[in-house]
Amino acid sequence: KLAMAFDPSRFKNVRSEKKIMPVVLLLDVSYSMNDERKIDYLNEAVEEMISSLAADSSKKEIGFYVAIIIFGLEVRTHLRYTDVKDLAVRGIDKFTADGSTPLGKALQLATDMIEDKDETKRNWYRPAVVLVSDGEPNDDYEGIMHNFIHSGRTHKAQRISMAIGTEADTDMLSRFASDGAVVRAED
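Residues numbered from 1 in each chain as written. Predicted model: local features only at pLDDT ≥ 70, side-chain atom pairs only at ≥ 80, totals over all residues. Heavy atoms only, no water.

Caption draft 1: Just the overall build of the protein chain, in detail. Broken down by element type, the protein chain carries five helices and six strands. Mapped in sequence order, the helices and strands of the protein chain form the string β-α-β-β-α-α-β-α-β-α-β. Its C-alpha atoms give the protein chain principal-axis dimensions of roughly 75 × 35 × 25 Å. Relative to its 187 residues, the protein chain shows a buried fraction of 44%. Contacts spanning at least 24 positions in sequence make up 73% of the contacts within the protein chain whose residues lie at least 6 apart. With an accessible surface of roughly 10600 Å², the protein chain has 48% of that area assigned to carbon and sulfur atoms. Within the protein chain, the 32 negative side-chain charges are centred at a point lying 13 Å from the centre of the 25 positive side-chain charges. (Helix = DSSP H or I, 4+ residues; strand = E, 2+ residues; numbered from the N terminus. Buried < 20%, exposed > 50% of the residue type's maximum accessible area, 1.4 Å probe, protein only. Contact = heavy atoms within 4.5 Å. Areas by Shrake-Rupley, 256 points an atom, 1.4 Å probe, with all protein chains shown as cover. Lys, Arg positive; Asp, Glu negative; His and termini not counted. Charge placed at Lys NZ, Arg CZ, Asp CG, Glu CD.)

What follows is the structure, given as structure tokens:
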């Protein structure tokens, strides 16, 4: 007869790992963001998001890693995934507005980042992608956005839209959002 006894020593080196929630910010820093203090609202919204996520990360057993992709004069990864607690301490430089609004290229860069399992780890939660824009892209973004929403790892992402400015194109932004809702940065 085999005796099954509880042996707590078998569990000495077992650690629970903090789960990571990746957050990708897609920030419109195009020239149109100079109107109506839109770039100021964008900067304030990013600062508030970082602060809020850092506070939540401290209270919960989840770590938020933030990546930032900017699109305007250029499309580039402004920040690779970084622990939000580090961002809250060091802060993020203010963004300035210039150039066109190549949303399609920004979505393609975000797709590449999320699909890359070395960049967006497999054991992380599904990413949250936050599009902050006045909703006036001027490149061929429709097909890329459709693929982002409906295929690959990106279709599982939670998509959030934040409108900047009173005349933001909320139609495009609501099509991007998972639930169709658009948050206004001014609020």
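Right, picking up where we left off after that structure.
Caption draft 2: Structural context of helix 1 (residues 38-59). Compared with the 32 Å implied by 1.5 Å per residue over 22 residues, the 32 Å span of helix 1 between its first and last C-alpha is a close match. Looking only at helix 1, the buried set comprises Lys38, Ile39, Leu42, Asn43, Ala45, Val46, Met49, Ile50, Leu53, Ala54 and Ser57. Buried positions in helix 1, seen along its axis, are confined to an arc of 160 degrees and lie on one side of it. Turned more than 90 degrees away from the buried face of helix 1, the exposed residues are Glu47, Glu48, Ser58 and Lys59. Buried residues along helix 1 sit against strand 1 (19-28), strand 2 (62-71), helix 2 (84-90), strand 4 (128-133) and strand 5 (158-163). (Expected span 1.5 Å × (residues − 1). Arc of directions from axis to C-beta.)

Caption draft 3: Molecular detail of the pairing of strand 1. Among the ten residues that make up strand 1, nine are buried, leaving the element largely enclosed by the rest of the structure. Here ten bridges tie strand 1 to strand 2, and the two strands are oriented parallel to one another. Note on strand 2: the bridge partner recorded for Lys19 is Ile62. As for the winding sense of the linkage, the β-α-β connection from strand 1 through helix 1 to strand 2 is right-handed. As paired elements, strand 1 and strand 4 share five bridges and run parallel to each other. Across the sheet, residue Val23 finds its bridge partner in strand 4, namely Ala128. (Pairing = 2+ DSSP bridges. Right-handed = clockwise from strand over helix to strand, strands pointing away.)

Caption draft 4: Looking closely at the pattern of salt bridges. With the rule as written, the count across this model stands at eight salt bridges. We note a salt bridge from Glu44 to Arg37, for which the minimum N-O separation is 3.3 Å. Taking relative accessible area as the criterion, Glu44 reaches 41% and is therefore assigned partly exposed. Residue Arg37 is classed as partly exposed on the basis of its relative accessible area of 42%. As a salt-bridge pair, Lys94 and Glu47 come within 3.0 Å of each other at their nearest N and O atoms. In this pair, Lys94 sits in the loop between helix 2 and helix 3 (103-115) while Glu47 sits in helix 1, placing the two residues 47 residues apart along the sequence. Residues Lys94 and Glu47 agree in their burial class; the two are exposed. What emerges from the salt-bridge pattern is a single network uniting Arg37, Asp40 and Glu44. (Salt bridge = Lys/Arg side-chain N within 4 Å of Asp/Glu carboxyl O.)

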